[in-house]
Amino acid sequence: MISAIHFIIQIRMSASVILCQQRDSEAVAMSPPVVIHWFRKGLRLHDNPALLKAVDYATQSGYHLRPVFILDPQFTRSGRVGANRWRFLVGALSDLDSSLQLLGSRLLVCRGSPETVLPKLIREWDVRRITFETDTEPYAVARDARVAQLARELSCAVTSVTSHTLYEPAQVLAANGGKPPLTYQRMVTLVEQLGAPVAAEPAPRSLPPPGQPAGHFSVPSLAELGVDAEQLGEELYPGGETEGLARLERSLARPDWVCRFEKPKTAPNSLQPSTTVLSPYVKFGCVSARLFYHRLADVYSRRGNYTRPPVSLHGQLLWREFFYVVGANTPNFDRMEGNAICRQIPWIENEEFLKAWSEGRTGYPWIDAVMTQLRQEGWIHHLARHAVACFLTRGDLFISWEHGMKVFDELLLDADWSLNAANWMWLSASAFFHQFFRVYSPVAFGKKTDPNGDYIKKYLPKLRKYPSQYIYEPWKAPIATQKAAGCIVGRDYPKPIVDHDKVRPRNIEWMAAAYKKGKAAHPAPAAGLGADSQDGKGHSGSAASSKSQKRSTQSNSKSPSKKTRSKK
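Residues numbered from 1 in each chain as written. Predicted model: local features only at pLDDT ≥ 70, side-chain atom pairs only at ≥ 80, totals over all residues. Heavy atoms only, no water.

Q: Where do I start with the environment of Lys-53 in this structure?
A: Among the secondary structure elements, Lys-53 is positioned in helix H2 (residues 49–61). We classify Lys-53 as partly exposed; its relative accessible area is 43%. With 77 residues separating them in the primary sequence, Lys-53 and Ile-130 have C-alpha atoms 9.8 Å apart. Excluding residues that lie within four positions of it along the chain, Lys-53 makes contacts with Thr-159 and Val-161. (Helix = DSSP H or I, 4+ residues; strand = E, 2+ residues; numbered from the N terminus. Buried < 20%, exposed > 50% of the residue type's maximum accessible area, 1.4 Å probe, protein only. Contact = heavy atoms within 4.5 Å.)

Q: Mind showing me how you'd approach the pairing of strand S4 (residues 127–133) here?
A: Each regular strand displays side chains that alternate between the two surfaces of the sheet. Among the 7 residues that make up S4, 5 are buried, leaving the element largely enclosed by the rest of the structure. Judged from the 5 bridges that link them, strand S1 (residues 34–39) and S4 form a sheet pairing that is parallel. Bridge assignment links Val-34 to a residue of S4, and that residue is Val-127. The pairing of S4 with strand S5 (residues 157–161) spans 5 bridges and is parallel. (Pairing = 2+ DSSP bridges.)

Q: Could you clarify how one ought to interpret unusual backbone geometry in this entry?
A: Working note: non-glycine residues mostly have negative phi, and peptide bonds are mostly trans. The omega torsion across Pro-309 and Pro-310 is 15°, close enough to zero to call that bond cis. Here Pro-310 lies in the loop between helix H12 (289–303) and helix H13 (313–328). For Ser-155, which is not glycine, the phi dihedral falls at a positive 60°. Of note, Ser-155 is situated in the loop between helix H6 (138–153) and S5.

Q: Sorry if this is basic, but what is going on with the pairing of S1 here?
A: Most of S1 is tucked away, with 6 of its 6 residues classed as buried. The alternating pattern of S1 places Val-34, Ile-36 and Trp-38 and Val-35, His-37 and Phe-39 on opposite faces, both of which are buried. Both S1 and strand S2 (residues 64–71) contribute to a ladder of 6 bridges, which runs parallel. Looking at S2, one finds that Phe-39 is bridged to Phe-69. In this region the chain leaves S1, passes through H2 and returns to the parallel neighbour S2; the handedness of that crossover is right-handed. (Right-handed = clockwise from strand over helix to strand, strands pointing away.)

In structure tokens:
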């Protein structure tokens, strides 16, 4: 009797499961096909031509449109993304989801590799087309080629559109005879020939409905990404299109400041940013570079008198464009070996010095304050980046720029593959800039704009009681002064890990030897356009003329040996 009852129950349960499956199949069969817009960097609705193509195709075909973002384990498990940048991304995704919901849609966040997730969605959702913004980074190019091939095998069309840069990189390349420009001035000339970039597209006013996909697609929490929110400081730069556009408007509301803007004349150690801090928003695509460009052009046209590239705000966007074009067309752009435009320099390996630099423990307060700000806030001024990059490489520690690039790649909100690699090559005099004898002083440079050391006192509070005359060189303070300040050098704050006055001339000689050994045809930038060519002040090598460069080249000092390079 019991067995019979169990048998009847099992039959009813099986019938119920079959009925549910039939209903699910009927629901899927009744649902229209789907168009996916795959958000990656372009985390915005305005000036998103790939999204607009998805809207048009879905509208004309009567399909659902599903906005998708994929959390790629390539990044979530790599440990190369710092907590501040994860927080920025979560904010950007939440903001995008809110904006989509206002249009009757939502953001569907999937977990997994795109090569696995997208074919699965194509099958389950009956996806007919995928659109996305073109990405020129090597990893992205290879990934997108694999995804496109998988999609084609499943009869799903793929459309990609350029909107992360002002111009099509291939267009710039063609205008330069099929080769990337290797000087900023050449880039400016090419841009003048090409004319203004295309206008930014408006955001869509409505979106086709996404339907009701089954599954878990919520925006990730910080905890899911392994970030302890309690350990984060104040969020100075919230992620997202809404905040990015508001920040843009605040900058443009100061037309006199916009028209007078000269990047080298902004302060790297002001207590509040002296620039727009739009770089994280442009990096993530929360603000379109094309929108930024044309809004600036509007301000310029109304004023008539304004600064020009390379120092103007337009000039900053062209620096970005320049490095994107070169990076996209130079194999091994993010490393020294195998990089045709990079000088081959026998850098020293010193893990102890590298760790001290990255953690703000060099004993040079200006350098340590900058690295502390970077770790706490995720952003530092461009000229502050110059100072710490020069210190790590050719200026003081003679450690490879690749190590510094990786630290910045982890900690910067605006870490951008092309720009990060290019700037590190520039500041280490490995490419683009070759006046290696012009060295940033870890003492004098910061004093130019902050003689009282208020910036140092903010980020290194243990030094806040030091008199201004010793704040940049606390090791020179009498012991009585150190005790009165409550900070003894060597106990409460580290002694300098190197003597700048001794290592600077040595490093210049090593650089000269490397240059002499590898005299490849590396074109130098036009005069006045170098990263270190602002005005010479604060450069401990600024007094060096071509004669001093010649003297250093003829020096008998030995360059780093293999034994020195392997030092730990």
